[in-house]
Amino acid sequence: MPIETKQRKPSISAYYKTLGIKECKSKRGFWKHVTEVDSVLAEDLEPLISRKKQGNLYEVKNETLPFSLAVESWTKSFHHSFLTWINRQKHFKPKRILEIGCDNGLLACWYATSFPDAEIVGIDQSENGIRCAQELANQLDITNVSFYQIDFLELKERFLINSFDLIISVRTFHEIMGPLFIPKYWSLLDCLKENPTYGDCLYLQTVDDLLTDDGTYLSCERFENPADVGKWANSLKQANLHVQWDDCDIIDYHELGTKKRTPIIVATKRETGITTIEGLEQLYTKDYPLVYEAGKSYSGAKAEFAYHRLGEKTFKSGHSLCVPNQWYVFRFEIWETSDFLLVYSYGNMGHRHLDILPSVANLDAQLLIEEAMGQYQHLGPTVQYDRLEDRPK
Ligand SMILES: C[S@@+](CC[C@H](N)C(=O)[O-])C[C@H]1O[C@@H](n2cnc3c(N)ncnc32)[C@H](O)[C@@H]1O
């Protein structure tokens, strides 16, 4: 079943259409869809996904190819955005691609279609995943891809060093290296000083070993916040892989109706001289240069970078809100620079919002603080402080 296309580059939408992969906009819609495809497997899968039962999710979801493709409707938008980004990289001319954690081969078969002159290798530890991947390649008449059921740790025994010029991993390393704990941090810089890396860099050294000297490593991993990306960049650096921050991007997608964003990290063996924190600022403010003038507001990582770029500040007043029996703590503070008043609302779980006001706008600053606190006040009691020494720890 070759993929029908009239374009020079095959169309990703046509690929999904050929495979009959639906888009589900809600959890309910997803379970309805997979149940229609195979009610027995859907019943086996549900307690694994909702963590009511322990077991190997990948062996169940990849029990048959039709069911595996039905489950893809959960990640369709994410994979579609990722492949669209790859399609836009006109300079990519890989000869040999390795996909680590290829699962049912959906992405690897796309690379094989999109780069017909390249040889694609997909590896995964899941037996059923690799079986589905091979079946998918056969169904699509794809001959430039091969799949191997091996553990990541066996890669160096099975493949020659410097033998892949493009290595790709998508949402795989949190399983290979173990998940990162959700960091609690007030400042990205402090967080990366205290806990600079993602984990043992030996894993990423394997990627470096397999990559050609001029090769590229693309990762689109489960990074929940800029701190995770910073730790990943630092671990890559320890493994001689340097993030090419100019080439990285953040892609938008939605998962069962919820809007999400995730970074794509491009690394090579070429040093850049850019520090991780500079690179993170470049990535999170890409296409959105920060402007430091009254009336500007920033949210998320941009707010934190803008706040730090605004230089010397004097603390004026603040409120702290601690959510009982939770880790969440929020601060709502007013700071003063030589030119502006800053209203900075930030939380130890990643919330950031900054309003830049004229230096005389004391009343507006108070109103913004009340407005910001109003969104969270139902979560717990607030404590006011006029000196930093009194700020609750
Ligand atoms: C979350 S899934 C992601 C699959 C696919 N890359 C995607 O984007 O849908 C993680 C995959 O990594 C594989 N995996 C986990 N640990 C592995 C290991 N140590 N060696 C090889 N594959 C592994 C799992 O079997 C699974 O297919």
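In this text, all values refer to a predicted model and were calculated from it rather than measured experimentally.

Draft legend 1. Quick look at the overall build of the chain. When you go through the chain residue by residue, the secondary structure sums to 16 helices and 14 strands. The globule rule puts the C-alpha radius of gyration for 393 residues at 21 Å, and the 24 Å found for the chain is close to it. Referenced to the eigenvectors of the C-alpha coordinate spread, the extents of the chain come out at roughly 70 × 50 × 40 Å. Considering the chain as a whole, with its 393 residues, one finds that 40% of them fall into the buried category. Of the contacts formed within the chain by residues at least 6 apart in sequence, a portion of 66% connects residues at least 24 apart.

Draft legend 2. Spotlight on the domain arrangement of the chain. Domain annotation of the chain identifies domain 1 (12–284) and domain 2 (297–390). Listed per partner, the contact involves nine residues of domain 1 and nine residues of domain 2. Among the residues making up the side of domain 1 that touches domain 2, the classes are represented as six nonpolar, one polar and two charged.

Draft legend 3. Layout of the sheet that holds strand 10 (residues 314–322). Here six strands make up an open sheet; going across it, the order is 9-13-12-11-10-14 and the pairing antiparallel. Two strands bound the open sheet, and with one partner strand each, they are strand 9 (297–299) and strand 14 (382–385). Recorded for the sheet is a direction-independent mean angle of 10° between the axes of neighbouring strands. Bridge count for strand 9 against strand 13 (residues 352–358) is three bridges, and the pairing is antiparallel. By the bridge assignment for strand 13, Tyr298 is matched with Leu354. Against the sheet, helix 15 (residues 301–309) touches strand 9, strand 12 (340–347) and strand 13, its axis set at about 45° to strand 13. Against the sheet, helix 16 (residues 362–374) engages strand 10, strand 11 (329–336), strand 12, strand 13 and strand 14, with an angle of about 10° to strand 12.

Draft legend 4. Representation of unusual backbone geometry in the model. In this model, Asp141 sits at a positive phi of 60°, which is unusual for a non-glycine residue. Counting through the fold element by element, Asp141 comes out in the loop between helix 8 (127–139) and strand 3 (145–149). At Asn240, a position not held by glycine, the phi torsion is positive, near 70°. Following the sequence through the fold, Asn240 ends up in the loop between helix 13 (226–238) and strand 6 (242–243).

Draft legend 5. Summary view of the site of the ligand. Among the 15 residues in the neighbourhood of the ligand, the closest are listed as Gly101, Asp103, Phe152, Val170 and Glu175. Of the residues belonging to the shell around the ligand, the class tally is four nonpolar, six polar and five charged.

Draft legend 6. Structural view of helix 6 (residues 76–88). Over its 13 residues, helix 6 runs 18 Å from end to end, which matches the ideal 18 Å to within 8%, given 1.5 Å per residue. Ser77, His79, Ser81, Phe82 and Ile86 are the residues of helix 6 that are buried. Packing partners of the buried residues in helix 6 comprise helix 7 (106–114), strand 4 (164–170), strand 5 (211–220) and strand 7 (249–255).

Draft legend 7. Looking closely at the pairing of strand 2 (residues 119–124). Across the six residues that make up strand 2, a large majority, five, are buried. Relative to strand 2, strand 1 (residues 96–100) runs parallel, the two sharing five bridges. The residue bridging Ile97 from the neighbouring strand is Ile120, located in strand 2. Considered for its hand, the β-α-β crossover made up of strand 1, helix 7 and strand 2 is right-handed. Strand direction decides the pairing type here: strand 2 and strand 3, joined by five bridges, are parallel. From the neighbouring strand, Val121 faces strand 3, where its bridge partner is Ser146. Following the chain from strand 2 across helix 8 to the adjacent parallel strand 3, one finds a crossover that is right-handed.

Calculation notes
- Residues numbered from 1 in each chain as written.
- Predicted model: local features only at pLDDT ≥ 70, side-chain atom pairs only at ≥ 80, totals over all residues.
- Helix = DSSP H or I, 4+ residues; strand = E, 2+ residues; numbered from the N terminus.
- Rg over C-alpha atoms; globule rule 2.2 N^0.38 Å.
- Buried ≥ 20, exposed ≤ 12 C-beta atoms within 10 Å, placed from the backbone.
- Contact = placed C-beta atoms within 7 Å.
- Domains from an automatic or database assignment.
- Nonpolar A, V, L, I, M, F, W, Y, C, P; charged D, E, K, R; others polar.
- Pairing = 2+ DSSP bridges.
- Axes fitted to C-alpha atoms, helices over the stretch in contact; angles between N-to-C directions.
- Near = placed C-beta within 6 Å.
- Expected span 1.5 Å × (residues − 1).
- Right-handed = clockwise from strand over helix to strand, strands pointing away.

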